[in-house]
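Residues per chain are reported as follows:
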Amino acid sequence: MDFEKIEYKKAGEVLYSYEHDSGLKAFVIPRRGYLKKYAAFATNYGSIDSEFIIPGQEDVTRVPDGIAHFLEHKLFEQKDGNVMEKFSRLGSNPNAYTSFNKTVYLFSCTDRFDENFSLLLDYVQNPYITQESVENEKGIIGQEIMMYQDNPDWKVHFNLLKALYEKHPVRIDIAGTIDSISRIDRDTLYKCYNTFYHPSNMIILAVGDVDPESVFEMVEGSIPHSKPQPPVSRIYPEETGAVHTDYIEERLAVSIPMFQMGYKGGFYGEKGIELLMYETAVKLVLELLIGRSSDLYEQLYSEGLINSSFGADASVEKQYAFSVLGGESPDPVQVRERFCHVLETAKKNGLDRAACERLIRSFRGRFMRQFNSVERISHSFISVYFKGVSMFDYLDVYDKITFEYVNEVLHEHFKPESLAMSVIRPV
Amino acid sequence: METGFDAGRPVRVSSFNGIDIYRVNTDKFKTSSIHFFFQDNLTRENVTKNALLPAVMRRGSMSYPTQRDISKELESLYGASFDCGVTKKGERHIIHFYTEFLSKQYVPDGTDTFAAALSLLFDIIARPALVNGRFSDEYLAQEKDNLRIRIEGRVNDKMSYSVDRCMEEMCRNEPFEIYDYGFVEDLAGITADELTAHYRTMLETFPMQVYLVGSITDGEAEKVSELLSGLERGNTVALRNGFARKEKADIRHVTEEMNVTQGKLCLGCRTNTAPDSDDYPALMVYNGILGGGIHSKLFRNVREKASLAYYCYSMLEKFKGLMVISSGIDISNKQKALDIMEEQLDDMAKGNISDYEMEATVKSMETGIKSLTDSQMNIVDFYLSQTIAGTRDDFSTIMEKIRKVTKDDVKAAAQRIVRDTVYFLTAADSAGNQ
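Novice: What is the right way to look at the overall build of chain A in this model?
Specialist: Scanning chain A from N- to C-terminus turns up 15 helices and 17 strands. Going through the 427 residues of chain A one by one, you find that 61% of them count as buried. When contacts within chain A are restricted to residue pairs at least 6 apart in sequence, those whose partners lie at least 24 apart make up 81%. Accessible surface, chain A as shown: approximately 16,200 Å² in total, 48% of it carbon and sulfur. Taking the 46 positively charged and 63 negatively charged side chains of chain A as two groups, their mean positions are separated by 3 Å.

Given below as structure tokens:
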């Protein structure tokens with residue numbers, strides 16, 4: 001059996017990879033000494049893929065919002081009952097999640113990995129959806145949507161995306177709305193399944209104390225041999241660099257205002273490594289300007305304008321990119337002004353080179369720490385893989401990223417017209 | 001070095017002056033960590049001061065006088081982390097400080113990360129930044145404000161708020177009802193002098209547990225003992241757990257109104273099973289069958305069959321002897337959901353437990369317990385909880401005990417469960433209110 005072994009000496013890690021002739025790729029990251037074993041079966045299909053052209057057809061298909069997530073719920077249903085029961089007989093924990101651009105089915109177990117793994121391979125490939133079970137699921141997902149309506153952290157984030165984007169579907173809740181899911185039926189679910197769950201659009205990953213060869217043999221034996229499917233063309237509305245609206249506010253039962261502000265990135269890299277480089281640079285700028293070791297953080301904290309809930313992050317994908325910073329504040333608008341002031345000063349005077357080097361060192365350590373957790377390895381590996389690179393490429397990014405490039409991104413990403421703010425205020 | 005199931009077994013390095021130092025040696029992680037716990041009894045008098053202490057202490061130490069200095073040091077140490085805070089386990093109030101850092105073998109330039117991280121953590125704990133012998137008024141004022149925000153911010157996460165409130169309502173007039181982060185109205189009266197005196201009380205009299213996890217050498221463990229033997233210690237506080245039995249109760253209904261779209265329904269019960277009793281493993285299995293995952297009665301009946309909720313589970317508060325069933329539902333479905341929850345409790349008390357439920361629960365608990373050994377934080381928490389409960393189990397002995405639990409044991413545990421309080425978080429003026 002043919003598979004590849006790549007050693008990453010600096011990280012003390014090994015990656016095994018295998019390609020099935022259907023186009024499916026499978027990977028193993030071994031963890032000696034760990035009792036938890038983890039496997040994921042993921043498709044490059046998420047909540048933003050609601051308009052597409054099915055390979056071989058000419059017309060555009062438009063499906064209701066929230067259908068990728070709905071399908072995720074329904075795959076657990078099998079002809080002979082709910083597959084969760086089979087996993088729980090084995091004592092393992094099955095789960096699944098849907099994000100903007102992927103749906104991931106997974107389990108973690110400590111014993112009987114092979115049985116669990118073949119169960120995973122089997123149910124993800126064999127949907128059994130009835131109209132009756134679709135109707136039943138609407139009640140459950142309806143409560144999931146309602147739960148998020150009362151979650152201020154979720155609300156403040158999705159409101160920011162609504163402010164940043166005018167048309168792009170990242171502005172829509174992953175689960176859709178009560179109204180959009182009411183329009184989901186069995187046939188549309190199958191249509192999406194058949195379009196996006198072709199092996200060539202999917203990957204498999206196992207993490208833990210498992211034998212790579214036996215994992216790949218099981219994949220080989222379970223996935224039907226077929227030709228790779230041509231890529232699905234996905235249609236995303238065009239967005240300008242400017243934000244849809246620069247401020248959005250909502251009232252919820254919270255004790256203190258919460259805010260997120262963020263920049264809509266105009267950069268859409270084709271090569272994955274560029275995406276990682278850009279993401280790292282945006283994060284470095286945020287840390288330099290308002291991270292825990294910055295002047296601004298110390299000042300805002302001392303003045304009671306931010307507290308330890310404050311944080312910053314960046315999300316960079318092929319189809320969209322944005323940065324986010326936020327937390328709780330009695331006066332979010334003042335935090336924004338103060339940040340913008342420091343930002344403009346940095347654009348004039350440049351960033352702090354020594355601090356930048358220290359932060360890259362910190363990023364490197366934090367990257368290494370991810371390998372303590374099988375869940376985090378899996379999550380990170382799959383996200384980065386669908387950008388067209390490997391998570392291990394971060395090590396290269398930390399070696400190669402230059403202070404000059406970070407300065408460039410400071411000017412390129414953080415433009416006044418790309419800034420929006422979302423605030424949740426107490427009722 | 002041991003790996004696998006036994007990797008997480010702690011060895012006591014030394015014990016003196018009410019300080020116990022444990023080492024958990026394992027090389028499977030990329031990082032190592034150092035944890036300090038100071039334990040107190042949960043009391044109205046101390047709770048707010050205990051919560052303020054780590055908040056003020058994290059602002060700076062003698063060698064790292066500002067938060068910014070601490071952050072810079074952590075960044076230089078390859079993104080090491082440091083955190084501190086308070087938590088309650090039963091009626092104990094625990095102040096914890098920890099640091100986690102890349103182990104030496106993964107550091108490109110040979111930095112002695114253990115020594116550096118220990119020195120930072122110890123500086124924060126034992127050498128706080130004092131002004132004229134007391135905490136800075138400025139830091140104190142700011143952290144009082146942050147703590148007030150934190151206490152008031154309890155309502156922001158409705159799921160955990162509803163479970164906490166249910167337990168507090170069950171335990172009114174018992175110390176357990178005290179919220180971990182204290183009382184807003186007690187903040188104003190705390191002066192810098194008083195908090196500094198309380199700091200000395202903590203450092204001198206609170207029983208202390210220290211855990212060193214990861215690739216720790218003998219020399220490094222000794223270094224920690226040496227450092228701590230320099231601390232001035234007095235007589236240590238005698239601690240209680242707060243376990244209470246309550247055999248009979250009229251069910252109390254508590255409704256709280258808030259601006260919410262989804263109702264949160266909690267049913268709180270007394271377990272009447274002490275954390276150190278031989279019956280405790282049966283209670284764990286009971287909870288697993290009732291609401292501990294996708295195989296459980298609550299998940300299958302409230303979510304899958306009745307389609308009333310996205311989540312429905314039960315959880316134990318081991319030390320105090322409580323169990324809470326929690327679910328997020330449409331407000332108009334309160335009675336329907338409550339009926340199904342109560343049916344499951346009745347079912348369990350009658351001993352209606354299928355082989356599937358029993359088997360899936362025990363296996364899922366086994367997976368859960370083994371998985372704890374893959375996280376440093378979980379290993380430490382497991383062993384700290386053992387010392388609080390007064391038990392001496394490790395991961396394999398607890399598993400053996402769980403495997404021996406029979407359906408009759410579970411039924412007996414079920415019959416000790418007493419329903420106590422129904423708590424409902426609902427929308428203001430909602431039609432579904434009763």
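Novice: I tried to follow the sheet that holds strand β10 (residues 263-270) of chain B on my own but got confused; where do I start?
Specialist: To summarise the sheet geometry, strands pair through backbone hydrogen bonds and adopt either a parallel or an antiparallel arrangement. Across the sheet, 5 strands lie side by side as β9-β13-β10-β12-β11 (chain B); this open sheet has mixed pairing. The open sheet has two edge strands with one neighbour each: β9 (252-258) and β11 (309-317) of chain B. Each strand of the sheet is rotated relative to its neighbour by a mean of 15°, with strand direction disregarded. As paired strands, β9 of chain B and strand β13 (residues 418-427) of chain B are joined by 7 bridges and run parallel to one another. What sits directly across from His253 of chain B, in β13 of chain B, is Val422 of chain B. Against the sheet, helix α4 (residues 131-149) of chain A contacts β10, β11 and β12 (322-329) of chain B, and its axis sits at roughly 70° relative to β11 of chain B. Sitting on the sheet, helix α10 (residues 297-305) of chain B touches β11 and β12 of chain B, and the angle it makes with β11 of chain B is about 155°.

Novice: Can you walk me through the packing of helix α9 (residues 272-290) of chain A against helix α14 (residues 393-400) of chain A in this structure?
Specialist: Working note: a packed helix pair is described by the angle between its axes plus the distance between those axes. Residue and element names in this part refer to chain A. Put simply, α9 and α14 touch, their axes get as near as 10 Å, and they point 55° apart. One element, α9, and the other, α14, form an angle in the oblique class. You can see that α9 and α14 cross each other, and the crossing is right-handed. Across the interface between the two elements, Ile273, Leu276, Met277, Glu279 and Thr280 from α9 touch Asp393, Tyr394, Val397, Tyr398 and Lys400 from α14. For the contact of α9 with α14, a count of residues per class yields 6 nonpolar, 1 polar and 3 charged.

Novice: What's the story with the sheet that holds strand β5 (residues 51-53) of chain A in this structure? I'm lost.
Specialist: All names here are of chain A. Across the sheet, 3 strands lie side by side as β6-β5-β12; this open sheet has antiparallel pairing. Sheet topology places β6 (61-62) and β12 (233-234) at the edges, where each strand pairs with a single neighbour. Sheet topology note: the β5/β6 ladder contains 2 bridges and is antiparallel. By the bridge assignment for β6, Phe52 is matched with Thr61.

Criteria and thresholds
- Residues numbered from 1 in each chain as written.
- Chains lettered and ligands numbered in written order.
- Predicted model: local features only at pLDDT ≥ 70, side-chain atom pairs only at ≥ 80, totals over all residues.
- Heavy atoms only, no water.
- Helix = DSSP H or I, 4+ residues; strand = E, 2+ residues; numbered from the N terminus.
- Buried < 20%, exposed > 50% of the residue type's maximum accessible area, 1.4 Å probe, protein only.
- Contact = heavy atoms within 4.5 Å.
- Areas by Shrake-Rupley, 256 points an atom, 1.4 Å probe, with all protein chains shown as cover.
- Lys, Arg positive; Asp, Glu negative; His and termini not counted.
- Charge placed at Lys NZ, Arg CZ, Asp CG, Glu CD.
- Pairing = 2+ DSSP bridges.
- Axes fitted to C-alpha atoms, helices over the stretch in contact; angles between N-to-C directions.
- Parallel < 35°, antiparallel > 145°, perpendicular 65-115°, else oblique.
- Left-handed = near helix turned anticlockwise from the far one by under 90°.
- Nonpolar A, V, L, I, M, F, W, Y, C, P; charged D, E, K, R; others polar.

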